[in-house]
Amino acid sequence: MKLSFHGADRAVTGSCHSVECLNRRILIDCGLFQGSRDLVEENIAAFGFDPATIDYVLLTHAHLDHCGRIPLLVKRGFRGELITTAASRELARLVLVDAAHLQEEDAQRRARQGRRQGKEEAPSPLYNVVDALDCFDRFGKTAEYEQPLQLAEGLRATFIDAGHILGSASILIEATEHGRTRSVLFSGDLGNGGRPLLRLPSPPSRADIVVMESTYGDRRHRSLKDSIEELYGAISGTLARGGNVIIPTFALERAQEILYVLRQGIERSRLPPAMQIFLDSPMAISATEIFKRHFECLSSEAVSMFREGRDPLRPANLHLVRESADSVAINRITGGAVIMAGSGMCTGGRIRHHLRHNIWRKESAIVFVGYAAAGTIARQIIDGAKSVRLFGEDIAVRSKIYTINGFSAHADQQELLAWRRAIEGCEATFLVHGEEPAMQALAVHLEGQRVELPRLGDVFDL
């Protein structure tokens, strides 16, 4: 059994790892490198293996940093089988088609810039919408939690609920030859326990090798209860001042969780029952519909509500906004509204228009409930910028700014350690999907055993 690393190695994006055993080659995830513009070259670069040699791609979940290069993999020769859960398959289609649109738009923008500079050669997108749709021809068997899938003789894979987003999984691969079984477990991204929509991550009882994420391996999260209370206070105070609440929202998982929390707040009289809620994101609306089709993946409380005919993702006075004209109309509302729109880091999308109409108003508030990378407008606002540039105009930041960190979809250090310690028989732990300081901090707590921090391209014979 051979293990090799091709992404998210001492970094947090581009997850891609492979296992070779029993004359089969299995790829776990094939994600997009995200962040600075310098990473464009990393996404274009060769994978570090021949895509045509891969027999199976097992997808842990549908976040872009785990699935975003699958269309490129197929474009470059992958003809094997792609396997994931039913919910992840639907979400991946939504995410990849949207990513392809963005790739095309970015290529067109760069082409225009090139023409103005006298360049004749037009840049190509990493992949286009047709490439994204083509990759779905490679999807084969559908995985169900805790049900082993036979990949080949002596080789099976089991998907286990990771509690990160809808359909997310850890994946246990077991290879049996000459009467001996070896197993390697890939954590995928592990969920933050106690969140209202999803179940807790559930590790298997044992594995020989563990490859686990370490995103927050160096810190603890603020409690979700305190975070929800702060959100309620921010909304109530802003509406009482006559302003709007603007929430930059990631379309997948965070939008649905906030809808759930808003519904609870109204039902428990923690929020004004007459407030108007706008979900101004076609992608988030589509993702919410997928959540409703796969509510079997959700927490017992959410499942009970769906079965009783109560939609936990539809608070009172919710307006779903798909058309751009309707989005523009929201900006005529000067108070009493909660407006959720993408992108979560304010790098594009409809949120920029809502910021333009509200961020200069003292009575309004901007509430951040997700991660903001360095250099983004979201980070500028969080870091205390006095003004931000939107649509070529410098706009003063006068609204109240809230940063609420307890809604993270990732396990913190304590939860990562508890998950890992529940697994017996482990000979070695490989830490991935984390910055090096977070990995080092987590590794200290795994003393007394073999811990590896692989680099891009490293290969280990197991």
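Cut-offs applied
- Residues numbered from 1 in each chain as written.
- Predicted model: local features only at pLDDT ≥ 70, side-chain atom pairs only at ≥ 80, totals over all residues.
- Heavy atoms only, no water.
- UniProt positions renumbered as here; feature names shortened; annotations may be inferred.
- Helix = DSSP H or I, 4+ residues; strand = E, 2+ residues; numbered from the N terminus.
- Core = buried A, V, L, I, M, F, W, Y, C linked by side-chain atoms within 4.5 Å.
- Buried < 20%, exposed > 50% of the residue type's maximum accessible area, 1.4 Å probe, protein only.
- Contact = heavy atoms within 4.5 Å.
- Pairing = 2+ DSSP bridges.
- Axes fitted to C-alpha atoms, helices over the stretch in contact; angles between N-to-C directions.
- Expected span 1.5 Å × (residues − 1).
- 1 Å grid on protein atoms, 1.4 Å probe; cavity = no way out; pocket = protein on both sides within 12 Å on 5 of 7 lines; lining within 4 Å.
- Points joined across faces, edges and corners; volume = space filled by probe spheres on them.
- Nonpolar A, V, L, I, M, F, W, Y, C, P; charged D, E, K, R; others polar.
- Salt bridge = Lys/Arg side-chain N within 4 Å of Asp/Glu carboxyl O.

The chain carries the name Metallo-beta-lactamase family protein in an unreviewed UniProt entry, which gives Bradyrhizobium elkanii as its organism.

Asks: So what's going on with the UniProt feature "domain: Beta-Casp" (unreviewed entry) in the chain? Which residues, and what values?
Replies: UniProt marks residues 255-381 with the feature "domain: Beta-Casp" (unreviewed entry), using the numbering shown here. Overall, residues 255-381 shows 42% helix and 13% strand. The separation of its end C-alpha atoms is 20 Å.

Asks: Tell me what's going on with the nonpolar core, and back it up with residues and numbers.
Replies: Counting residues in hydrophobic clusters, the biggest one holds 79 residues, and the most contacted among them are Leu58, Ile173 and Leu298. With nine residues, the single largest contributor to this core is helix H4 (residues 86-116). Once you skip the residues sitting within four places of it in the chain, Leu58 turns out to touch Ile26, Leu27, Ile28, Asp29, Ile83, Ala157, Phe159, Ile171 and Ile173. Ile235, Leu239, Ala251 and Val369 belong to the second largest nonpolar core, which has 31 residues in total.

Asks: Go over the sheet that holds strand S9 (residues 169-177), please, and point to the residues and values.
Replies: A sheet is described by the order of its strands in space; here seven strands give the open sequence S7-S8-S9-S10-S11-S20-S21, paired in mixed fashion. The open sheet has two edge strands, strand S7 (149-152) and strand S21 (450-452), and neither has a second partner. In this sheet, neighbouring strand axes are inclined to one another by 20 degrees on average, regardless of whether the strands run parallel or antiparallel. Here S9 pairs with strand S10 (residues 180-186) via seven bridges, running antiparallel. Paired with Glu177 across the bridge in S10 is Arg180. In the packing of helix H13 (residues 413-421) onto the sheet, contacts are made with S9, S10, strand S11 (209-213) and strand S20 (428-432), and the angle to S11 comes to roughly 165 degrees. Packed on one face of the sheet, helix H14 (residues 436-444) meets S11, S20 and S21 and runs near 155 degrees to S20.

Asks: Which residues make up helix H8 (residues 282-293), and what values go with them?
Replies: Here H8 contains 12 residues, and its C-alpha end-to-end distance of 17 Å stays within 8% of the 16 Å for a straight helix at 1.5 Å per residue. Among the residues making up H8, those that are buried are Ala284, Ile285, Ala287, Thr288, Ile290 and Phe291. Looking at the buried positions of H8, the neighbouring elements they touch are H4, helix H7 (254-267), strand S13 (276-280) and strand S14 (318-320).

Asks: Please provide a residue-by-residue account of empty space enclosed by the protein, values included.
Replies: Counted by the stated rule, this structure contains two cavities of 30 Å³ or more. In this structure, the largest cavity spans a volume of roughly 80 Å³. Taken together, 14 residues line the largest cavity, and the ones lying closest to its centre are His17, Asp29, His66, Gly188 and Val432. For the lining of the largest cavity, a count of residues per class yields four nonpolar, seven polar and three charged. Its boundaries defined by the atoms lining it, the second largest cavity holds a volume of some 50 Å³. Lining the second largest cavity we find Leu259, Leu279, Ile285, Thr288, Glu289, Lys292, Leu313, Arg314, Leu318 and Leu320.

Asks: So, the sheet that holds strand S22 (residues 459-461): which residues are in play, and what are the values?
Replies: Taken in spatial order, the seven strands make up an open sheet running S6-S5-S4-S3-S2-S1-S22, and their pairing is mixed. On the outer flanks of this sheet lie strand S6 (139-143) and S22, each paired with one strand and no other. The sheet shows a mean angle of 20 degrees between the axes of neighbouring strands, direction not considered. Pairing geometry for strand S4 (residues 56-58) and strand S5 (residues 81-85), over three bridges, is parallel. The partner of Val57 across the bridge, within S5, is Leu82. Along the sheet, H4 makes contact with S5 and S6, crossing S5 at roughly 110 degrees.

Asks: Give a detailed account of the pattern of salt bridges, specifying residues and quantitative values.
Replies: Applying the stated criterion across every chain, the model contains 27 salt bridges. The closest approach of N and O atoms between Arg293 and Glu90, which form a salt bridge, is 2.4 Å. Residue Arg293 is located in helix H8, and its partner Glu90 is located in helix H4; the two are separated by 203 residues in the primary sequence. Looking at Glu90, the relative accessible area reads 27%, which means it is partly exposed. It is possible to trace a salt-bridge network through shared partners that takes in Arg195, Glu253, Arg254 and Glu257.

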